[in-house]
Amino acid sequence: MKRLKVSNNVIRRLPRYLRKLDELTENGVSRISSFELGHQLGLTPSQIRQDFSCFGEFGQQGYGYNVPALRDQIAAILGMDRGFTAILIGVGNIGHALMDNFCFAEWGFRLAAAFDINPELIGTVFNGVPIYSMDDLEKFLAENKVDVAVLTVPKEAAISVTARLTGCGIDAIWNFTNLELTEPNSPTIVENIHFSDSLLSLSYYVAERKDEIAARAARAEKQ
């Protein structure tokens, strides 16, 4: 599969395409044009075609895109067919919620284990996932191929746990600690998740709209 140097913006749009294609498939849609796909996603047809051209040629002129085939191709681009393995560290509120409500398998990940320091949790199994002591982390990583660590420990423990993970050569960290983790001297990929980001972006757009309405009202009063 062709992989040019792809911008972060394109990568961020790929999951949106995937969700839309899943929705179209569920609704029985088998073919869609770049114009209609863009219309449903709020993107231009040229943006759609430009994004897909980073990875190959998926559509046919005059036909559009085969929805199931395009969905499978994007899933492959996103690595959903690679059988990645994940572990979760910190079975507190967020960790427990992810284990209970987020279907890792649906997105191509096997959640193999969880780790915590709470003796009441250690040795138990939750939704088929065994929970081990943090003392066993390095041993588990040495004996098992793990691609991603989901980090849901308290903020004050984030840096020390990250150091342990990078020291074991973990490929990537999905970080929910609300601390911006960077590993400039490590090959480990870190995806920092901040729940406030989406809310604050929404706040910006709400404020912008209200300011525009107020500005129009002010201009109307002057006329």
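Colleague: An account of the sheet that holds strand β9 (residues 189-192) is requested, with residue identities and associated values reported.
Modeller: Spatial strand order, β5-β6-β4-β3-β7-β8-β9: seven strands in an open sheet with mixed pairing. Unpaired on one side and paired on the other, β5 (125-126) and β9 mark the two borders of the sheet. As judged from the four bridges shared by strand β7 (residues 148-151) and strand β8 (residues 172-175), these two strands associate in the parallel manner. The partner of Leu151 across the bridge, within β8, is Asn175.

Colleague: Which residues make up the pattern of salt bridges, and what values go with them?
Modeller: Per the counting criterion, the structure on display carries eight salt bridges. Ionic pairing is found between Asp51 and Arg13, a salt bridge with its closest N-O pair at 2.7 Å. Placement of Asp51 in helix α3 (residues 45-53) and of Arg13 in helix α1 (residues 8-26) is noted, with a sequence separation of 38 residues between them. Just as Asp51 is buried, Arg13 falls in that class too. Linking Lys145 and Asp147 is a salt bridge whose minimum nitrogen-to-oxygen distance equals 2.8 Å. Look at Lys145 and you get exposed, because its relative accessible area is 55%. Here the salt bridges share partners, and the residues they tie into one network are Lys145, Asp147 and Asp171.

Colleague: How would you summarise the nonpolar core if you had to cite specific residues and measurements?
Modeller: Of all hydrophobic cores here, the largest spans 22 residues; its most connected members are Tyr17, Ile48, Phe52 and Ile74. Looking at this core, the elements with two or more residues in it are α1, α2 (34-41), α3 and α4 (67-77). At six residues, α1 tops the list of elements feeding residues into this core. The residues contacting Ile74, other than those within four sequence positions of it, are Leu14, Tyr17, Leu18, Leu21 and Phe52. Membership of the second largest hydrophobic core comes to 20 residues, among which are Ala112, Ala113, Met134 and Ala158.

Colleague: Could you give an account of the packing of aromatic side chains, naming the residues involved and the relevant values?
Modeller: According to the stated counting rule, one finds 12 aromatic pairs in the structure shown. Between Phe52 and Tyr65, the aromatic rings sit 5.3 Å apart at their centres with planes inclined by 90 degrees, giving edge-to-face as the arrangement. On the criterion of sequence distance, the pair formed by Phe52 in helix α3 and Tyr65 in strand β2 (residues 65-66) is long-range, its members being 13 residues apart. Side by side, Phe52 and Tyr65 carry an identical accessibility label, which is buried. Following the ring pairs from residue to residue traces out a cluster consisting of Phe102, Phe104, Trp174, Phe176 and Phe195.

Colleague: Can you break down the packing of α1 against α4 residue by residue, with the values?
Modeller: Interhelical geometry of α1 versus α4 gives an angle of 150 degrees and a closest axis separation of 9 Å. If you check the angle between α1 and α4, you find them roughly antiparallel. Seen along the crossing, α1 lies across α4 with a hand that is left-handed. Between α1 and α4, the contacting residues are Leu14, Tyr17, Leu18, Leu21, Asp22, Leu24 and Thr25 on the first element and Val67, Leu70, Arg71, Ile74, Ala75 and Ile77 on the second. Of the residues in the contact of α1 with α4, the class split is 10 nonpolar, one polar and two charged.

Scoring rules and cut-offs
- Residues numbered from 1 in each chain as written.
- Predicted model: local features only at pLDDT ≥ 70, side-chain atom pairs only at ≥ 80, totals over all residues.
- Heavy atoms only, no water.
- Pairing = 2+ DSSP bridges.
- Helix = DSSP H or I, 4+ residues; strand = E, 2+ residues; numbered from the N terminus.
- Salt bridge = Lys/Arg side-chain N within 4 Å of Asp/Glu carboxyl O.
- Buried < 20%, exposed > 50% of the residue type's maximum accessible area, 1.4 Å probe, protein only.
- Core = buried A, V, L, I, M, F, W, Y, C linked by side-chain atoms within 4.5 Å.
- Contact = heavy atoms within 4.5 Å.
- Phe/Tyr/Trp six-rings, centres within 6.5 Å; stacked < 30°, edge-to-face > 60°.
- Axes fitted to C-alpha atoms, helices over the stretch in contact; angles between N-to-C directions.
- Parallel < 35°, antiparallel > 145°, perpendicular 65-115°, else oblique.
- Left-handed = near helix turned anticlockwise from the far one by under 90°.
- Nonpolar A, V, L, I, M, F, W, Y, C, P; charged D, E, K, R; others polar.

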